[in-house]
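Below, each chain spelled out in residue letters.
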Amino acid sequence: MASWQRTHTCGSLRETHIGQTVTLNGWVNTFRAYNDQIFLDLRDRYGITQVVVEADQPEIFKLAAEARSEWVLSISGQVRERIIDGKQKHNTKLSTGAIEILASEVRVLNRCPTPPFEVNWVPQENQVFVDAELANEDLRLQYRFLDLRRPTLQRMLMMRHRLNKVIRDNLDVQGFLEMETPLLGRSSPEGARDYLVPSRVSIGSWYALPQSPQLYKQILMVAGYDKYFQIARCLRDEDLRADRQPEFTQLDVEMSFVEQDDIFRVIENLTVDIFKRCLGIDIPLPLPRLKYADVMLKYGSDKPDLRYGLEIVEVTDDFSQPDVAFTAFFEQIQAGGRVRALNAKGALAKLSNKDQKELEDVARRGGAKGLGQAKVRDDQVQAPFWKHLPAAVQESLLKKLDAKPGDLLLFVADKEGTVCQSLGMLRQHLASVLKLYDPNALDYKIAWVCDFPSFIWDDEEKRWAANHHPFTAPMDEDLDKLESDPGSVKAKAYDLIINGYECGGGSIRIHNPDVQSRLFKVLGMSEEQAKSRFGFLLDALKFGAPPHGGIALGLDRWAMMLARTTNIRDVIAFPKNQKARDLMTGAPAPVDAKQKKELGL
RNA sequence: GGGGACGUAGCUCAAUUGGUUAGAGCACCGGCCUGUCACGCCGGAGGUUGCGGGUUCGAGCCCCGUCGUCCUCGCCA
C-alpha cells in the first residue's frame, strides 16, 4: 500500500497530469453525495481539487460517505479529465478545474465535529476564492485555528510573509545587518505605558517589555554597526483601536553618518521594492515631502489621506473685516482663534438632510462647538450668518472656496488645534460619504511629513514634552532657540504616511552629550533624573557616538495597506481583541498563588 | 475614563415598532438522486431572545442594572 503522504498539493494538478496516479492531503471543503457517487472538494492552502468516489469500490465509498466538512483526508487515485460522453465538464472557477481524481484509496487522517461557523472556500469566476459568510469576530477569534483557514485571511498572511521577505532581501542588498535586541529591558518613564515583568531572582525589581528598540539601536550605532535593522516586536499598554494592537511589529532601522536625506533614500528604495514585489505597482520617486505646518493647515491632520483633495481653506481674514456683523466667529478670532472652511462640492445633491445633520456631529467630535453650514444655491447662499457679511466678504469667500451652486460650505471657528482637528475629521468623513476615493482600488498616496516641532506644550503637566522622543535632534539652525523659545524649535523628525495612516516615523538623533543635556533640561528633567533613566545612553554618547538616525515602519499597518483591510487583526495570525484579550488562549489569566509568591507579589 | 452601535436557532439575519404557537437562508440529521461543483428535491430536529431586575393584562421590542463584542474621543514619546 502506497504512503498516505501527498505527492501534489490541491492546487497543482493540471491537464498535463492526466493519467498519473497521485496522492492529495487536505480538508473537505464541500461534498456532494449521490447514491452511487460522491464528489469531494479537497482543499489545502494551494487550492481545491475535485475527488470522485464511485460505489463500485464499496470500502472506500463507505468511508467517503461519512466524510464531512473539515475532515482531513488522504486521497490516492488517478488524475483524469473531467469529460463525460465526449463532453468536457471542466469547472472554470478552479485552476484545477480541467481534471479530477478518481479515488482508489481514501484515508481519514482526522475527523472534525461540525464547525461553529463555516470556513469553506467559495470559488469565483476569476479563479479567486472568497470567504463564506463571516461569523461574529469574537467567535472567530475564539476558534482562530478555523478562522485562519479562510481564503482571505490566508491571502493576507501570505502577503505579510512577502512583505517581510522583501524587507530582508532589500535591506541586505542595501548593506544592512539584521540584529536582535532584548525583550526584557528597563522601564523608561517617557511615552506609553509599559508592560512589566517581575523579576524572580531580584524580588521587587521589574523588567519592562520594549515599547521599541529605540535605545538599543542607538547603542548599536555607537558600537559601530552602522547599518542595522530588525523586524521587532514592540509592546505598549495603551487602549486599542482598529489599527492598534498591544503588541505590534516594527521594521526598526538605524544608520550612522547620515542626515535625513540618506534615511529617505534607503526607505524610498525599500518602498518601491515592496510595492513592486507585493502588488506589482510602481511607486514614483522621490516621494513628496510635506511640511507639518502645511499639512495641518490644508488637511487638519499630520497624517492626511492624499488620495483626494478637499483642502481646508483659511478664511480668518474675511471674518476679521471690521464690518462683519457676525459675532460668533468674531469672538473666536478675538480670542486668538481661526476660521477655516471646507467646500463639500456637490454635497447638496449627494447628501440627505440626515447626512448633512451628521456633519455637525462629526465637527463636534473634533472638538468644535458648532459647524457653520452654507448652502450654495443657484441664486443665493443659504446660511444664517451669510446676510451679516458685507458683499465684498461674501464674494471673497465664494472665490477662495471655489463655490458653485450645489456646494455645501462648512465653517469652523475655534482655537487653531480644534479647527484643524474638526475640519480634518470632517474632511475624512466627507471623502467617505461623497465617495471621493475608491477604497478597493490599488491607489496608494505615499508621502513624507517633516519639519515637526520638537516640543509640544503639555497643558496638564505644565511643561514642554518631546513631540517625537527626547533623543530627536533639533534642526541645526534652531539650536540657539532651545532655551529661549522651545515652541519654535523644529526637529529633524519625519513620518511616512500612506493613505491617511502613519506607517513610519523617525528622526536624526542627538549624538552630542551637551545638546542632549540641554534638551533634557527643556523637558524639565534634572541631570540626576536623566542619568538614572538614560545614564547608559548618555554614557555611550560620550564614548565616540557617530552622528546617526533612523526610522521605524509599522509593519502591521503596511500589511493592512498591502492587503487592503482596515482591520489590523486581519494581518496578525493571533491578535488580541479590544480589551487586549486573546479569546483563543484566554490570556491574560490569573496565575497560581505559588507563582505569585515566587515573584514576591 | 467618556461617547456610540450591537447582542434573537450552531452561523447570518427577520419579527408589521408592546399583542396569538418567535420566522427565513445556510449548517446539522434522515430520505431520494451517476456529473455535481457553494449540487438539487422531500422531510426532520433545533430557542431560558446575553444575564438580572422593573413597568404592563401582556415584553425579543419600553426602563434600570450588568456582562460581552466592535467603532470612536482621550491615550498611544
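Residues numbered from 1 in each chain as written. Chains lettered and ligands numbered in written order. Predicted model: local features only at pLDDT ≥ 70, side-chain atom pairs only at ≥ 80, totals over all residues. Heavy atoms only, no water.

With respect to the packing of aromatic side chains
(1) Moving on: Considering all chains together, one arrives at 22 aromatic pairs under this definition.
(2) Moving on: Centre to centre, the rings of Phe264 and Trp448 are 4.0 Å apart; their planes meet at 10°, and the pair counts as stacked. With Phe264 in helix α6 (residues 260–279) and Trp448 in strand β21 (residues 446–450), this residue pair connects regions lying 184 residues apart in the sequence. Pair check on accessibility: Phe264 and Trp448 agree, each one buried.
(3) Moving on: Relative to Trp386, the ring of Phe385 lies with its centre 6.5 Å away and its plane at 55°, an arrangement referred to as tilted.
(4) Moving on: Among the residues examined, Trp386 registers a relative accessible area of 6% and is labelled buried.
(5) Moving on: Connected via pairs of aromatic rings, a cluster forms that spans Phe319, Phe329, Phe385, Trp386 and Phe411. (Phe/Tyr/Trp six-rings, centres within 6.5 Å; stacked < 30°, edge-to-face > 60°. Helix = DSSP H or I, 4+ residues; strand = E, 2+ residues; numbered from the N terminus. Buried < 20%, exposed > 50% of the residue type's maximum accessible area, 1.4 Å probe, protein only.)

Comments concerning the protein's contact with RNA strand B
(1) Moving on: Around RNA strand B lies a shell of 54 residues, among which Arg32, Asn35, Arg82, Glu133 and His468 are the nearest.
(2) Moving on: Considering RNA strand B, the proportion of its atoms within 4 Å of the protein that are sugar or phosphate atoms stands at 55%.
(3) Moving on: At a separation of 3.2 Å, a sugar or linking oxygen of RNA strand B approaches a polar side-chain atom of Tyr34.
(4) Moving on: In the environment of RNA strand B, a sugar or linking oxygen lies 2.7 Å from a nitrogen or oxygen atom belonging to the side chain of Glu238. (Near = heavy atom within 4 Å. Polar contact = N/O pair within 3.5 Å; in protein donor to acceptor, adjacent residues only side chain to side chain.)

Points about the sheet that holds strand β17 (residues 338–344)
(1) Moving on: Taking strand neighbours across the sheet as the criterion, the 5 strands line up as β16-β17-β20-β18-β19 in an open arrangement whose pairing is antiparallel. Strand pairing shows two members of the sheet lacking a second neighbour, β16 (313–314) and β19 (381–382), which therefore form its edges.
(2) Moving on: Direction of pairing for β16 relative to β17: antiparallel, over a ladder of 2 bridges. Residue pairing for β17: Glu314 is matched across the bridge by Arg340.
(3) Moving on: Lying over the sheet, helix α11 (residues 353–365) contacts β18 (372–376) and β20 (408–414), oriented at roughly 150° with respect to β18.
(4) Moving on: Running at roughly 5° to β17, helix α13 (residues 416–433) makes contact with β17 and β20 of the sheet. (Pairing = 2+ DSSP bridges. Contact = heavy atoms within 4.5 Å. Axes fitted to C-alpha atoms, helices over the stretch in contact; angles between N-to-C directions.)

Some words on the nonpolar core
(1) Moving on: Counting residues in hydrophobic clusters, the biggest one holds 59 residues, and the most contacted among them are Ile167, Leu171, Leu251, Ile274, Phe275, Leu553 and Trp558.
(2) Moving on: Among the elements that line this core, the one with the most residues is α6, at 9 residues.
(3) Moving on: Setting aside chain neighbours within four positions, we find Phe275 in contact with Gly280, Ile281, Ile283, Tyr444, Ile446, Ile498, Trp558 and Leu562.
(4) Moving on: Formed by 24 residues, the second largest nonpolar core is a distinct cluster that contains Cys10, Val51, Leu73 and Val79. (Core = buried A, V, L, I, M, F, W, Y, C linked by side-chain atoms within 4.5 Å.)

Focus on the environment of Ala392
(1) Moving on: Note on placement: Ala392 falls in helix α12 (residues 391–400).
(2) Moving on: Owing to a relative accessible area of 58%, Ala392 belongs among the exposed residues under this scheme.
(3) Moving on: Distance in space between the C-alpha atoms of Ala392 and Asn110 is 80 Å, their sequence separation being 282 residues.

What about the sheet that holds strand β15 (residues 289–291)?
(1) Moving on: Spatially, 8 strands are ordered β10-β13-β14-β26-β25-β24-β21-β15 in an open sheet, and the strand pairing comes out mixed. Strands with a single pairing partner mark the edges of an open sheet, and in this sheet they are β10 (177–178) and β15.
(2) Moving on: When strand β14 (residues 247–256) meets strand β26 (residues 548–554), the two strands line up antiparallel, connected through 7 bridges. Counterpart to Leu251 in the pairing with β26 is Leu553.

Overview of the domain arrangement of chain A
(1) Moving on: As assigned here, chain A comprises domain 1 (15–129), domain 2 (142–290 + 546–601) and domain 3 (308–433).
(2) Moving on: Between the C-alpha centres of domain 2 and domain 3 there is a distance of 40 Å. (Domains from an automatic or database assignment.)

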